[in-house]
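Coordinate analysis (summary)
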Amino acid sequence: MKQKPYLSLEDVKRIAAAAEAEAAKHQWAVTIAIVDDGGHLLWLQRHDGAAASSAVIAPAKAKVAAMGRRESKVYEDIVNNGRAAFLSVPLEGMLEGGVPVVVDGHCIGAVGVSGVKSAEDAQVAKAGIAALG
């Protein structure tokens, strides 16, 4: 039987703390969502002042990144580059700000962030993932 790494609760807390620190450093009010490799929610943290809609968008970004095993920006770029038919794909969260967590070549989950500019959302997500080392 094959084996692969997975996100432990300790890992999730470490990612969340680092992402929160990155957002706080820039005074960004965001929602941070962390999911497992199947897109199932493990963590949701909405900062004071973050829009209510960010609590829906962040998990969707994380889920699409985990299930697609690539950054959610890839899907946004596909649509923005003229492939409108891709909008019929049954995925939500096809906006920049969802980043997969990859360990030893395995996607073990993802982080989705919403609340500021999309590139800044991705910056927060990547800072969280970097805490895993």
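Going by the structure above, here's the rest.
**A word on the pairing of strand β3 (residues 98-103)**
In this sheet, strand β4 (residues 106-114) lies alongside β3 in antiparallel orientation, the contact comprising 6 bridges. Looking at the pairing, Val103 lines up with His106 of β4. From the end of β3 to the start of β4, which pair antiparallel, there are 2 residues, and Asp104 there has a positive phi angle of about 50°.

**Quick notes on the packing of aromatic side chains**
Inspection of the entire model under this criterion finds 1 aromatic pair. On the numbers, 5.7 Å between centres and 10° between planes, the contact of Tyr75 with Phe86 is stacked. Highlighted residues: Tyr75 in helix α3 (residues 73-80) and Phe86 in the loop between α3 and β3, separated in sequence by 11 residues. As far as burial versus exposure is concerned, Tyr75 and Phe86 are alike and both buried.

About the cut-offs
Residues numbered from 1 in each chain as written. Predicted model: local features only at pLDDT ≥ 70, side-chain atom pairs only at ≥ 80, totals over all residues. Heavy atoms only, no water. Pairing = 2+ DSSP bridges. Helix = DSSP H or I, 4+ residues; strand = E, 2+ residues; numbered from the N terminus. Phe/Tyr/Trp six-rings, centres within 6.5 Å; stacked < 30°, edge-to-face > 60°. Buried < 20%, exposed > 50% of the residue type's maximum accessible area, 1.4 Å probe, protein only.

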